[in-house]
Amino acid sequence: MLDVETIRTDFPILSREIYSRPLIYLDNGATAQKPLRVIERIDSLHRNLYGNIHRGVHYLSQECTTLYEQARERVRSFIGAASPQEVIFTSGATASINLVAYSLAQMGLARDSTSPIALSPGDNVVATQMEHHSNFVPWQIVCRMVGAELRMAPFDERGMLDMERLEAMIDGRTRLVAITQASNVLGTRPDLERIIAMAHRRGALVLVDGCQGVVHGGVDVAAMDCDFYAFSGHKLYGPTGTGALYGKRELLEQMPPFMGGGDMVESVSLEKTTWANLPLKFEAGTANFVGAIGLGEAIEWLAQFDPVEVATHEQMLLERATGGLTTIEGLTIYGHDLHKCPIVSFTVEGVHHYDIGMVLDKLGIAVRTGTHCAEPTMLGCRVEGMCRASMAIYNTAAEVDALVKGVALAVNMLRQ
Ligand SMILES: Cc1ncc(COP(=O)(O)O)c(C=O)c1O
């Protein structure tokens, strides 16, 4: 069994108090706290080994370059990519998804484009109503830009995707299906195997937003057979401003860079610039190499635990939270996928979600309130906002019980 008490000692922030109460951090879906190993790595790089990568002949630059490329290898092996050239470091899932969206749109807008992967006028992109804004707004922008259509597959009252509607939306003009591995509101894990096969049968690419999924259960992109996979490092116990994009090599080879600048060129003249090989073609400017090395460290830290034990622990927290919250009168939980990730979003009749969040905060309990950057999902649930408790490896049953007690207290207070 997972030794959660020992794991907690790895996280200095978990021993602090908020308003003289022990911190209970249940906003892990927004961002996770950092283990000492990551904090110390970043600190030590800034103190002892800091020089811009891929640019210098000097020791610091060379060493940092080696560590950066080692971090890429760690990410590659963690997500199951075939080659490090298929792993592009970005500032997070949002940047990863924008990269793909703008690159495909650029191809579609080029006068001489005949590429079958270009997003061209008259094409469509299929997304779902349970996407985070990061996997919806970039597609909305580029579809408008090129004159393509964005289609949104709905979900039902249990928070499950309507697979028939989704299938009906994918046609011969669908360039890409943008789908989450796990909803950050409902916790739903769509049937990716089926969706990817369905999209590929019709010649569409698939981009999977792995932000929540990669943390809870991981990924094997090769087995999944997605074309692109995006995730953020900060939700994976890694540093802020880190993340990666996986793309199948033959696709990345065809795609133009999203941003131009240093480090992504092979040669530059007044007339023409040629691009560096993968993955640097997509890494313009000074990369967040300290962050990427920190992300590699977070992945190594996580690798010491048995994924089955982590999943069992998080599932226990999810069930305990769901069971406890359900006893509160007027409380509705959104998302009932049997395989959902450890996220519980809820509203309470007659009580505003912000008010609940504020009372919980005064008890030292951090939860998310609002639309969770997923307004289409709120629309689908017919609410303006929700409270969300999202669990991580370091949370305990006692913390979940405190959450339930705190919500009950808040509701009693606020209803009077
Ligand atoms: C499912 C999902 N996708 C995308 C994102 C965006 O991540 P970031 O803001 O780190 O780019 C989030 C963040 O909450 C998320 O939960």
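Shown above is the structure to which this text applies.
Because the structure is a prediction, the values reported are computed rather than measured.

J.: Before we go on, may I ask you to explain the site of the ligand in this structure?
T.: In the vicinity of the ligand, the residues found are Gly29, Ala93, Thr94, His132, Ser134, Asn184, Asp209, Cys211, Gln212, Ser232, His234 and Lys235. At a separation of 3.3 Å, an oxygen atom of the ligand approaches a polar side-chain atom of His132. Within the side chain of Ser232, one N or O atom sits 2.6 Å away from an oxygen atom of the ligand. When the ligand sits alone it has 390 Å² of accessible area, and the protein chains cover 86% of it. Among the residues forming the shell around the ligand, the class breakdown is 2 nonpolar, 8 polar and 2 charged.

J.: Help me out: how do you make sense of the side chain of Thr65 in this one?
T.: Counting through the fold element by element, Thr65 comes out in helix 3 (residues 59-79). For Thr65, the contacting residues outside a window of four places in its chain are Ile53 and His54.

J.: Explanation requested: the packing of helix 4 (residues 93-109) against helix 5 (residues 137-146) in the structure shown.
T.: A packed helix pair is summarised by two numbers, namely the angle formed by the two axes and the spacing between the axes. The N-to-C vectors of helix 4 and helix 5 enclose an angle of 10 degrees; their axes lie 9 Å apart at closest approach. Taken together, the axes of helix 4 and helix 5 are roughly parallel relative to one another. Judged by residue contacts, Ile97, Asn98, Val100, Ala101, Tyr102, Ala105 and Leu109 of helix 4 engage Pro138, Trp139, Ile141, Val142, Met145 and Val146 from helix 5. Within the contact of helix 4 with helix 5, the residues separate by chemical class into 12 nonpolar, 1 polar and no charged.

J.: So what exactly am I meant to see when it comes to the packing of aromatic side chains here?
T.: In this description, a pair of aromatic rings is defined by centroid distance and the angle of the planes. Here the structure, examined in full by the defined rule, presents 10 aromatic pairs. Here the aromatic rings of Tyr68 and Phe89 are separated by 5.0 Å at their centres, their planes lie at 45 degrees, and the arrangement is tilted. With Tyr68 in helix 3 and Phe89 in strand 4 (residues 87-90), this pair connects stretches of sequence that are 21 residues apart. Each of the two residues, Tyr68 as well as Phe89, counts as buried. An angle of 70 degrees between the planes, with centres 5.0 Å apart, marks the rings of Trp301 and Phe305 as edge-to-face. In this structure Trp301 comes out as buried when scored by relative accessible area, which is 2%.

Conventions used here
- Residues numbered from 1 in each chain as written.
- Predicted model: local features only at pLDDT ≥ 70, side-chain atom pairs only at ≥ 80, totals over all residues.
- Heavy atoms only, no water.
- Near = heavy atom within 4 Å.
- Polar contact = N/O pair within 3.5 Å; in protein donor to acceptor, adjacent residues only side chain to side chain.
- Areas by Shrake-Rupley, 256 points an atom, 1.4 Å probe, with all protein chains shown as cover.
- Nonpolar A, V, L, I, M, F, W, Y, C, P; charged D, E, K, R; others polar.
- Helix = DSSP H or I, 4+ residues; strand = E, 2+ residues; numbered from the N terminus.
- Contact = heavy atoms within 4.5 Å.
- Axes fitted to C-alpha atoms, helices over the stretch in contact; angles between N-to-C directions.
- Parallel < 35°, antiparallel > 145°, perpendicular 65-115°, else oblique.
- Phe/Tyr/Trp six-rings, centres within 6.5 Å; stacked < 30°, edge-to-face > 60°.
- Buried < 20%, exposed > 50% of the residue type's maximum accessible area, 1.4 Å probe, protein only.

All quantities given are derived from atomic positions and should not be read as evidence of function.
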